[in-house]
Each structure stands twice: as C-alpha cells, then as structure tokens.
Amino acid sequence: MRLGRHRFAVRREPVELTLLPDGEGLAFSVSGTGYRRQAHDPALLAGREFWSQPLVSESPALYRSEYLATGLLGAVTDEPLEQQVRRAAEAAYDEGYERGVHDQDATLILAALLRLRAGAGLLQHPAEVRAAAQLFWAHGADQAQRRSWQRRARSLALARSTFGPAAALSELAAELSAAVAGFSSANGLPQTPPAGDYLLEELAGPTEGFAAGAGARDLLEAFEQTPGGPLLAADLRELAADLPSRYQLATAWLSAFAPDCAAALPEAVSRLCAPELPRYPVDAPLSETVEGLLGSHPRIQDGRLTVRIDQLPYQAARFRAERVSAFRAFQRQRADALAAERSRLRLDDYRPRPLAGFVRNQLIDEVYLPLIGDNLAKQLGSADSASADRSGLLLLLSPPGYGKSTLLEYVADRLGLLMVRVDGPALGTGTTSLDPDRAPDAAARREVEKIVFALEAGSNVLLHLDDIQHVSAELLQKFIPLCDAQRRIEAVSDGVARSFDLRGRRFAVSLAGNPYTSSGQRFRIPDMLANRADVWNLGEVLTGREELFAQSFLENALAANPVLAPLAGSPAEELRLLVRMASGDPSAQADQLARPVHDLDRVLAVLSRMRRVQQSVLDVNRAYIASAAQQEVARTEPPFLLQGSYRTMAALAARIDPVLDDAELEALVDDHYLAEAQTLGGAAEANLLKLALLRGRATAEQTARWHRLCAEYAPAGQPNAGQPTDHPPVWSGHPNNRAPKAAVSRV
C-alpha cells in the first residue's frame, strides 16, 4: 500500500489467538505479533499428545482417509464406493476432509481393505489377538469348557444365520474375552484387545482348528533350518509345564532371528507354545500398497501407503474408542482457555474497524495520508528502505470531531495492524506508572494493561493514546526512549519489571489530543517527547491547502444529509462543479456533470445552504485554533471554546432542508451553538458574544457587552489591569459550573 512517497507491506491474515507448544508447555500466541504468554492450565498440560494433533480424525500414526475408510468397512452396501465415501465425508464436517482429495484416498483405501478382507477370513483379526486366544484354548480351558463354549458358539451362529443377530452372541463374546484376559493376566502374558469375537468365530466355523497364516509358517520353517531351531525345541520340551517361561524363550529367539517380522511373531510364538492345537492354512495376503493417493501424511511416501487388514481396522477402532473422545475433551478445554484469554485481552477491541461513514476526502488523500506515510516510514519501515532503524512519534492535535482516531483506524486497517487504543480520560492524571498494580482505579488499570499488551505484542501494532490532554505529563515522559533510536520502554508485566526492546520491530506510536484540557487550560506535551514527534493539527489549514480544507467540511457532511447522501463518495471534481452551480457560477452547467444527479434542484438548494453553514463553521474553527495557540498571560480576551469541526458540520448538515429560508438557517446555527454553550458554564456568555461577532450578527448591545468583558478579563492567576494585586480577577473566562443557563440567556 502506498501512503504518499512510501510503500508499506500489508498484512491481510486475520489476527487470531492460538495455543502453541512452547518448550515443555503451551503458550498463548497472537498471530502476526510477538505476543507469548504461558498457559498454566493443568488439564491442557496433561493433554500433551494432542498438542500437535489439529484434527479429530488424524494423528501421526493414522491418516484421516484411513479413519474415514475404516468407519465404513462394516457398513458397505452395493452402492458405488465413491458415493458412500463422499456422503460420509460431507456429514463429518469437523473431521477435515477436503473434497476431491481425502474422499478419493478413502475410496482407494476402502477398496483395498475389502479385497484383503475377502481372502483373509479370520486372519483379519490382529495376530496378537489370535495368539492370545489360541494359548488360552490350549492351556486355559479344560475339555468340558471347550465342549460347552463350542456348542454354544455354533448354536448361536446358526440362530444368527437363520433369524439375524441376537444379543446372546455379544454376551458370549464378552464372556470369552474376559476368560482370555484373565488367563493372560494370570500367566504374565501380554494384554491384547478383546479376543472374544475372534474366538467365537473360530469355534462357530465349519473348519476344525485355528487359522494359520503363511507369514508365521514361513518364519518357523526358516528358523528350524538354523542351529538354534533344535536348541529352542529342546528347551521348550524341558519347560512343558511352564507356559510363561516357554513364551519368553520363544519370543526372544524368534525376535532375535527375524527382527523385521514383527507382524508374524505373535502367531509363530503361539504355534511353538501350543503345537498340539489343530490349525488350517490361509494363504491370502494380509497387506496391500495403495497407490495414487493425493493427501499428505508422514506415512504416505510418493502417494503410496501400505495397509494391513489385520492391523488398520483394529487401530482405527481403538483410536475411535479412546483417542477421539479424549481429543474432543481436550479441544473443549482448549477452546475454554482461549475464550478466557481472549476475553482478558479483549482482542476483538484491537481489530481496527473504520466507521462505515468514513470519507476519504481529497484533503485526506492529498495531504494527511502522505504526512502520516512520512511518519510511519520512520516508525514501521517502508518497502523502499532496507534500514532497520526505527524512531519517531505521530502526534495529531485538533479539537474534538475532526476524525483523528478515525483516520488512524483507517490507516491501521489498510496496513493490517493491530490498533491498541488507550483512553486518556480513563488513565487520568493520577496514572503515572506503566505498572497495572499501581493504577489508581480499575478503569486506569485496564488502560495500562492495554499498553503492556501492545508492548508484549511488539510487531504489527499501532499503539494509540487518545485524548492525551487528560493524561499526566509524568506518564507521557515514559514514552520518550520508545520514540527515539533506543526504541525501549520500561513496564511491568505480570508483576515483573521488564525492558521492552522494539528495535527493528513493526511498531508505531501515535498520540491524539485537544489543545485544551478538561479545565479549559491549554494543554502542553512534554518538550522532549514533542521533539521526537511529527505534530499536525487536523483542525488547522495547511499553507496552500485552504480550498481543500474548506471542501473537506462539505465532503464529510454529505452522508449526514438525506438529500446529499447519494453524492457521498462522488469524485471531487463533480462535487466542486455542484458547489459552483449552487453558488450561481454561470460557467458551471448541468451538462458538464459526468452522470445525471437525481433531484438536482433540491441538491443545489441544500448545497447553497450548506455553503453558508460551512463558512460559519470555518470561522468558528479559525477562532478556536487561534485562541488555543495563545499563551495565557498574553490573552486580551476570554478563551474561545466553541467547536467548528467535522462533527459540528455533520450535525448541522443533517438538519438542513431545501426549503429553509435565511432566517430559519441562521436560527438553526444559533440553536446548535446555544445548546453547545450550555456546557461552558460561566464562559458561555463570552463565547456566544464572540460567535455573534464572528458571524456578523452582533447587535450594538452585544458588541458593547463584549468590549466590557474584554476590558475586565484577566487570565487565570493574573490580576486585572488597574486593580490591586490582591484583588481577585473579575472573570477567569474558563468553564465552570456557575449558572450556564443564566449566562446563555443574557446573550
């Protein structure tokens, strides 16, 4: 983005609060900034396994398309797989499936699993489950139990094939699972997933014995050809009555012989420890490499992923039963922690939101934005300069209503900066430290916390102190080293004093204020801070820009008037032509307009009346600025405190109607300033008299009264001319609560 002579990098990513791993813990982080704050919630710290898992459907060991495919494995219909998978992916909107990528991968994986399952038979159960069931059947069940379980299994399987599933099947499977688990625990054997379903199917099947895979058979045949084969066989015969010892020896020998055959190891060990069991061979493949995958995952290499029918479905089922619920609980805790921190920081308040009615008029475009660009190039650095040196301060002064904060909010929004806006009146003159604990009240503490947050964020931040006429000079002085080449400032964060080093960071400071304090005294910024600032008064006419300044009052007020609102945002050339037409310029004609203007007569009538109001507002503005620039001891008349700002112009423009006559128009202006003068207390009379003189509407009586007030006037603390030095001043000329209505009614 270009501001005047300088180009600036623009950040468009949304500002979000996140939780990121930070060493051994978690830290809150605001994206695009340097903000880091440790999270101390024990529940979050206990969920370390989920810190790097962004999705409920995926982990480093499980690809999300595998999760989707295994969820459909037991419910596949005759409908094309692509349609079933796509419908399931669309329904699981929170599982992160990208259309055309993960649904296509899941279709390929599901097809491979279906092919493997069709040939694997009962080998689709994990090898460790089958091994545990076989060892239990050989060593943990007597003959009577075997006959009973096998009879029940075959009977219930026959009932299932005749009438459909019955609850008794699940009950028998649970009974067998409990028996296998108890046997394994009693003998010190490894614990496995429930083996009841597998054992039930073996007992109910038409083939006597247990399924035996080719992998375990080949492993044992190769081992028996080695010198260790006879040695292990002899040891196993000697330990025939000690199953745990036999299991230990068989596992140790085979794993040492073939460390790469972990998938076949459990079944091979069970065959050595229970050789008497009848077995039948199943030579179907248990794994397949799926190719042409589009997604990315640590287990996918060059679009290829190997899946096993005896592992993947069980892994996914365990993932669903254990990890998914734990992950969702962690996500809820994480969301609660983020919401609490976001509320504490009030992060949404720092997103710049320019007013919908903001008008980027010609004065802003040609004057103010280039001036702000010159300053921000020193504070933020520009795209045209590689220098990392940063310094400076932007100070905007004007009466209220000139859009100082609105203009800066617009700039911050366009540059993608966080705008931390600090309220000067809330800080007050009692706040003298950047330690939140030393703030005089809760409101001041909150504003100090904002400043500390801006310093902690460090990058992509505009720190804006508004209405600094209400802030103590002692507090403002603390910003002096921040605004020079040191770019440092001392503050307290979480009770710890810190030195914030912002050298080379994308950080800017702006101040905005009114020339008068709340008591009516002129406001002065500390000299050493002013020396580091670019100071601009938005309410003052810049040399050679008088016409633009005057036109800006009209441009900003267009939207406030219902007749002129359609012209808001029109080109400046068109508005100038309409103003010339409204002023009666014979060289300005309607056919010169680039586009037709609806209700042109009414538009011109309103513009004509707005021009007269504009002149009054400009006169008031000039008088206010001139009065604010005077030293108190040099005054010869009371301070002029009435406002002539954009806000004043908009308020008057909203009430202008095309049919108002001259008297009604003058009365409209009178009424506005009479209402405004109510807040000035004893100063109201002098200000209204001065206003009447500025507008050329003062009567002889009012003029005489004004001269008497000026003759009697002495600045606060100074004696009146011709009076003894111990005599109190007749009238201070500053706002107070003395009979404002009486003062207004006298005028």
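Residues numbered from 1 in each chain as written. Predicted model: local features only at pLDDT ≥ 70, side-chain atom pairs only at ≥ 80, totals over all residues. Heavy atoms only, no water.

Within the protein, the regular secondary structure consists of 27 helices and 16 strands. Here the protein, with 747 residues, has 49% of them falling under the buried criterion. Long-range contacts, defined here as pairs at least 24 residues apart, represent 71% of the contacts in the protein between residues at least 6 apart. Accessible surface, the protein as shown: approximately 34800 Å² in total, 52% of it carbon and sulfur. With 80 positive and 92 negative side-chain charges, the protein shows a spacing of 2 Å between the two charge centroids. (Helix = DSSP H or I, 4+ residues; strand = E, 2+ residues; numbered from the N terminus. Buried < 20%, exposed > 50% of the residue type's maximum accessible area, 1.4 Å probe, protein only. Contact = heavy atoms within 4.5 Å. Areas by Shrake-Rupley, 256 points an atom, 1.4 Å probe, with all protein chains shown as cover. Lys, Arg positive; Asp, Glu negative; His and termini not counted. Charge placed at Lys NZ, Arg CZ, Asp CG, Glu CD.)

Pairing within the open sheet is antiparallel, and its three strands lie in the order β3-β4-β5. Each end of this open sheet is capped by a strand with a single partner; those strands are β3 (17-22) and β5 (36-39). In this sheet, neighbouring strand axes are inclined to one another by 35° on average, regardless of whether the strands run parallel or antiparallel. The pairing of strand β4 (residues 25-30) with β5 spans four bridges and is classified as antiparallel. Considered in β5, the bridge of Ser29 is made with Arg36. (Pairing = 2+ DSSP bridges. Axes fitted to C-alpha atoms, helices over the stretch in contact; angles between N-to-C directions.)

Inspection of the entire model under this criterion finds 47 salt bridges. In the salt-bridge network here, residues are joined through shared partners; they are Arg612, Asp662, Glu666, Asp670, Arg695 and Arg697. (Salt bridge = Lys/Arg side-chain N within 4 Å of Asp/Glu carboxyl O.)

The share of residues in the protein with pLDDT of 70 or more is 93%, and the mean pLDDT across the chain is 89. In the predicted structure, residues 721-746 sits below a pLDDT of 50 and forms 52 contacts with residues beyond four places in sequence or in another chain. (pLDDT = per-residue confidence, 0-100.)

The two faces of strand β6 (residues 210-213) match: Phe210 and Ala212 on one face and Ala211 and Gly213 on the other face are all buried. Two strands pair when backbone bridges link them, and β6 and strand β7 (residues 279-282) are joined in this way by four bridges, in the parallel orientation. Directly across from Phe210, in β7, lies its bridge partner Arg279.

Moving on, we come to the packing of aromatic side chains. Aromatic ring pairs: the centre-centre distance and the angle between the two ring planes describe each pair. Within the structure shown, the criterion is met by 14 aromatic pairs. Ring plane angle 75° and centroid distance 6.2 Å describe the contact between Phe223 and Trp253, whose orientation is recorded as edge-to-face. Taken together, the residues span a long stretch of sequence, with Phe223 in helix α9 (residues 214-224) and Trp253 in helix α11 (residues 243-257) at a distance of 30 residues. An aromatic cluster of at least three residues, connected via ring pairs, comprises Phe136, Trp137, Trp149 and Phe183. Its guanidinium or amino end placed over the ring of Tyr67, Arg320 lies 4.0 Å from that ring's centre, counting from NZ or CZ. (Phe/Tyr/Trp six-rings, centres within 6.5 Å; stacked < 30°, edge-to-face > 60°. Lys NZ or Arg CZ within 6 Å of the ring centre and 35° of its normal.)

Further remarks concern the packing of helix α6 (residues 143-163) against helix α8 (residues 196-204). Contact geometry for α6 and α8: axes closest at 8 Å, N-to-C directions at 85°. If you check the angle between α6 and α8, you find them roughly perpendicular. Here α6 contributes Trp149, Gln150, Ala153, Arg154, Ala157 and Arg160 to the contact with α8, which in turn contributes Leu200, Glu201, Leu203 and Ala204. Tallied by class, the residues present in the contact of α6 with α8 amount to six nonpolar, one polar and three charged. (Parallel < 35°, antiparallel > 145°, perpendicular 65-115°, else oblique. Nonpolar A, V, L, I, M, F, W, Y, C, P; charged D, E, K, R; others polar.)

Look at α11: 21 Å from first C-alpha to last across 15 residues, which is about the 21 Å you get at 1.5 Å a residue. Buried within α11 are the following residues: Leu243, Arg246, Tyr247, Ala250 and Leu254. Considered in projection along α11, the buried side chains sweep an arc of 100° and stay on one side of the axis. Turned more than 90 degrees from where α11 packs its buried face, Gln248 and Ala256 sit exposed. In this structure, the buried side of α11 is in contact with α5 (127-139), α7 (167-186), α9, α10 (228-238) and α12 (265-273). (Expected span 1.5 Å × (residues − 1). Arc of directions from axis to C-beta.)

Quick look at the side chain of Glu409 now. Inspection of the secondary structure puts Glu409 in helix α15 (residues 404-415). The residues contacting Glu409, other than those within four sequence positions of it, are Arg351, Pro352, Arg353, Pro354, Met419 and Arg421.

The next subject is the packing of α6 against α7. With their axes 10 Å apart at the nearest point, α6 and α7 run at an angle of 150° to one another. The orientation of α6 with respect to α7, classified from their angle, is roughly antiparallel. The way α6 lies across α7 gives a crossing that is left-handed. Every residue of α7 that contacts α6 at Trp149, Arg152, Ala153, Leu156, Ala157 and Arg160 is listed here: Ala168, Leu169, Leu172, Glu175, Leu176 and Ala179. (Left-handed = near helix turned anticlockwise from the far one by under 90°.)

Quick look at the environment of Gly373 now. Within the fold, Gly373 resides in helix α14 (residues 362-379). C-alpha of Gly373 to C-alpha of Val411: the two residues are 38 residues apart in sequence and 9.4 Å apart in space. Look past the residues within four positions of Gly373 in its chain and what remains in contact with it is Leu3, His6 and Phe8.

Right, let's get into the pairing of strand β10 (residues 393-397). Counted residue by residue, β10 has four buried out of five residues, so it is predominantly covered. Here β10 pairs with strand β16 (residues 533-537) via five bridges, running parallel. Within β16, the residue paired with Leu396 across the bridge is Trp536. Judged from the four bridges that link them, β10 and strand β15 (residues 507-513) form a sheet pairing that is parallel. Residue pairing in the sheet places Leu394 in a bridge with Ser510 of β15.

Right, let's talk about helix α20 (residues 546-557) for a bit. One turn of the α-helix equals 3.6 residues, which is why residues spaced by three or four share an orientation. End to end, α20 covers 18 Å across twelve residues, agreeing with the expected 16 Å (1.5 Å per residue, within 8%). Counted residue by residue, α20 has nine buried out of twelve residues, so it is predominantly covered. Burial in α20 covers these residues: Leu548, Phe549, Ala550, Gln551, Ser552, Phe553, Leu554, Glu555 and Ala557. Against α14, α21 (572-582), α22 (600-628) and α23 (646-653) lie the buried residues of α20.

So, about the sheet that holds strand β12 (residues 461-466). On the basis of which strands lie adjacent, the open sheet formed by five strands has the order β11-β12-β15-β10-β16 and parallel pairing. At either margin of the open sheet sits one strand with a lone partner, and together these are β11 (418-423) and β16. In this sheet, adjacent strand axes meet at a mean angle of 20° when their direction is disregarded. Contacts from α14 reach β10, β15 and β16 within the one sheet, and its direction differs from that of β10 by about 150°. With respect to the sheet, α15 is in contact with β10, β11, β12 and β15, its orientation differing from that of β11 by roughly 160°.

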